[in-house]
Amino acid sequence: MKDTVAFGVIGCGLMGREFASASLRWLHLQGSIPRPRIIAACDTLEENLNWFRRNPDTRFFYRDYHEMLSNPEIEAVYCAVPHHLHAAVYCDVIRSGKHLLGEKPFGMDRAAFLEIEKAAAERPDVLVRCTSEFPYYPAVQQMAAWYREGKFGRIIEGKFSIRHSSDMDIHKPINWKRTLAANGAYGCMGDLGIHVQHLPFRLGMNPRTVNAVLANLVTERPDARTGEMRPCETWDNALLLCEGQNLSGDRFPMTFEMKRMAPGCSNTVEYGIYGMDLSARFTTDDPNALYYTVSHGQTQAWARLPVGQKTLYPVITGGIFEFGFPDSLLQMFAAFISELKGLPCAFPCFTPEEAKKSHELLTAALMAYEQGRTVTLPPDGPDRSSAG
Ligand SMILES: NC(=O)c1ccc[n+]([C@@H]2O[C@H](COP(=O)([O-])OP(=O)(O)OC[C@H]3O[C@@H](n4cnc5c(N)ncnc54)[C@H](O)[C@@H]3O)[C@@H](O)[C@H]2O)c1
């Protein structure tokens with residue numbers, strides 16, 4: 001087996017650079033997973049392409065991604081572009097026969113996702129996956145293992161949230177995430193939704209119904225160039241209350257909280273699964289630990305289990321040291337390449353089937369909020385028949 005996979009990156013902004021950094025940190029992983037070698041970078045902005053000139057692996061630079069896709073040396077593509085470009089770029093990547101790791105929400109809306117799904121169906125030889133790194137925290141992996149072992153008993157409740165505060169500065173200039181044209185009607189739900197859905201969907205905890213409260217809290221922001229105020233058209237915060245059902249048939253309240261404006265948070269991801277026999281919760285505020293209940297007769301106490309670097313893919317870091325955000329990305333990219341190369345992969349990246357569920361949920365949430373009602377999610381999608 002070759003010891004590298006030749007990658008192209010489309011979108012050399014925040015996330016494109018994270019991937020470049022992870023690709024150069026591959027030594028960190030033990031074992032012999034082929035390293036992603038980013039031989040090509042593509043961005044419409046010269047300054048962002050220039051950043052990639054510092055990457056010793058990168059030899060090809062493009063302003064037009066179509067040109068990049070005709071480079072036969074490239075085997076796989078990581079795409080991190082604004083949401084309105086997902087459908088066109090992802091479909092073109094797939095149809096060019098290159099494997100795709102695309103950023104969330106994997107299509108700006110459900111219609112865009114369906115285009116990507118169609119392209120993927122035409123090329124079953126191409127691996128198509130969506131990013132989502134937080135389940136790769138070792139404490140979350142421990143939670144998933146306990147769930148799969150049936151340790152929680154009958155499920156009482158599931159709570160999945162991401163709260164960040166990057167928009168609390170009301171003078172922060174507007175960016176594409178605050179426009180309907182580039183971010184889509186989902187607003188913060190498109191941006192943040194998959195972070196809260198990957199774990200429950202993978203464990204078979206699925207929403208059956210959804211109610212939604214959405215909030216646009218800062219309705220205008222300055223333009224970075226002109227200083228003029230421009231409308232912020234997308235939702236800042238979203239709270240979804242669902243009835244969930246798991247593969248054992250338990251029904252339980254399930255909440256998905258996605259907030260860009262959460263005072264006191266940084267990028268706080270929290271997962272909680274509460275059961276009759278065991279409850280557990282994880283927060284990135286204490287990334288080294290998993291909290292779980294210990295029962296004493298009819299009472300329960302919360303215990304803190306330090307997990308450390310008990311990673312899905314072993315690393316050189318000592319087991320007692322803390323795990324962080326770049327580590328979760330490294331594990332996620334390792335999962336993508338392992339799956340691509342047919343190596344063991346106990347927790348694959350978010351799949352197109354799961355992305356479809358995500359779009360069904362978010363489309364139903366918009367409908368629920370607009371119509372002020374509970375929307376039922378049948379197994380094959382929201383009840384559009386009554387949507388009017
Ligand atoms: N996984 C995560 O934790 C995470 C975090 C933030 C963003 N994201 C996702 O990553 C994606 C990109 O977000 P970002 O924050 O990196 O945005 P960004 O604005 O920092 O980067 C996007 C880049 O795409 C480039 N671009 C725009 N049009 C292009 C085109 N036609 N061809 C090539 N490049 C083009 C822009 O110039 C920019 O450099 C989004 O889907 C977003 O939801 C994921």
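**Observations regarding the domain arrangement of the protein chain**
Quoted interface sizes are often the accessible area lost when the parts come together.
Then step 1. Domain annotation for the protein chain reports domain 1 (4-130) and domain 2 (134-283 + 288-318 + 352-370).
Then step 2. Computed over C-alpha atoms only, the centres of domain 1 and domain 2 are separated by 25 Å.
Then step 3. Counting only elements with at least two residues in the side of domain 1 that touches domain 2, the list comes to α5 (110-122) and β6 (128-130).
Then step 4. With four residues, α5 is the largest single contributor of residues to the side of domain 1 that touches domain 2.

**Observations concerning the site of the ligand**
Then step 1. As a matter of local geometry, the ligand sits amid 22 residues, with G11, G13, L14, M15 and E103 nearest to it.
Then step 2. Considered class by class, the residues forming the shell around the ligand number eleven nonpolar, six polar and five charged.

**As for the packing of helix α4 (residues 86-95) against α5**
Then step 1. Two elements in contact, α4 and α5, have axes separated by 9 Å at closest approach and are oriented at 0°. The orientation of α4 with respect to α5, classified from their angle, is roughly parallel. Residues H86, A87, Y90, C91, I94 and R95 of α4 touch α5, and the partners they reach there are A112, E115, I116, A119, A120 and E122.
Then step 2. For the contact of α4 with α5, the per-class residue count stands at eight nonpolar, one polar and three charged.

**A look at the sheet that holds strand β5 (residues 99-102)**
Then step 1. The six strands are arranged β3-β2-β1-β4-β5-β6 in an open sheet whose pairing can be described as parallel. Bordering the open sheet on either side are β3 (60-62) and β6, each of which pairs with just one other strand. Recorded for the sheet is a direction-independent mean angle of 25° between the axes of neighbouring strands.
Then step 2. In the packing of α4 onto the sheet, the strands contacted are β1 (4-10), β4 (76-79), β5 and β6, and the crossing angle to β5 comes to about 155°.

**A look at the environment of I39**
Then step 1. Among the structural elements, I39 can be located in strand β2 (residues 35-42).
Then step 2. With 20 C-beta atoms counted inside 10 Å, the residue I39 sits in the buried group.
Then step 3. Counting along the chain gives 30 residues from I39 to V9, while the straight-line C-alpha distance between them is 8.5 Å.
Then step 4. If sequence neighbours within four positions are ignored, I39 has contacts with A6, F7, G8, D57, T58, R59, F60, E73 and I74.

**Let's talk about the sheet that holds strand β14 (residues 279-283)**
Then step 1. With mixed pairing, the nine strands of this open sheet are ordered in space as β16-β15-β14-β13-β7-β12-β11-β8-β17. A single partner strand is all that each edge strand has here, and the edge strands are β16 (299-306) and β17 (375-376).
Then step 2. Two elements, strand β7 (residues 155-164) and strand β12 (residues 251-259), share six bridges in a ladder whose sense is parallel. From the neighbouring strand, S161 faces β12, where its bridge partner is E257.
Then step 3. Sheet strands in contact with helix α6 (residues 138-148) are β13 (267-275), β14 and β15 (289-296), and its direction is about 160° off that of β14.
Then step 4. Helix α10 (residues 352-371) rests against β8 (206-215), β11 (237-245) and β17 of the sheet, and its axis sits at about 50° to β8.

Cut-offs used in this document
Residues numbered from 1 in each chain as written. Predicted model: local features only at pLDDT ≥ 70, side-chain atom pairs only at ≥ 80, totals over all residues. Domains from an automatic or database assignment. Helix = DSSP H or I, 4+ residues; strand = E, 2+ residues; numbered from the N terminus. Near = placed C-beta within 6 Å. Nonpolar A, V, L, I, M, F, W, Y, C, P; charged D, E, K, R; others polar. Axes fitted to C-alpha atoms, helices over the stretch in contact; angles between N-to-C directions. Parallel < 35°, antiparallel > 145°, perpendicular 65-115°, else oblique. Contact = placed C-beta atoms within 7 Å. Pairing = 2+ DSSP bridges. Buried ≥ 20, exposed ≤ 12 C-beta atoms within 10 Å, placed from the backbone.

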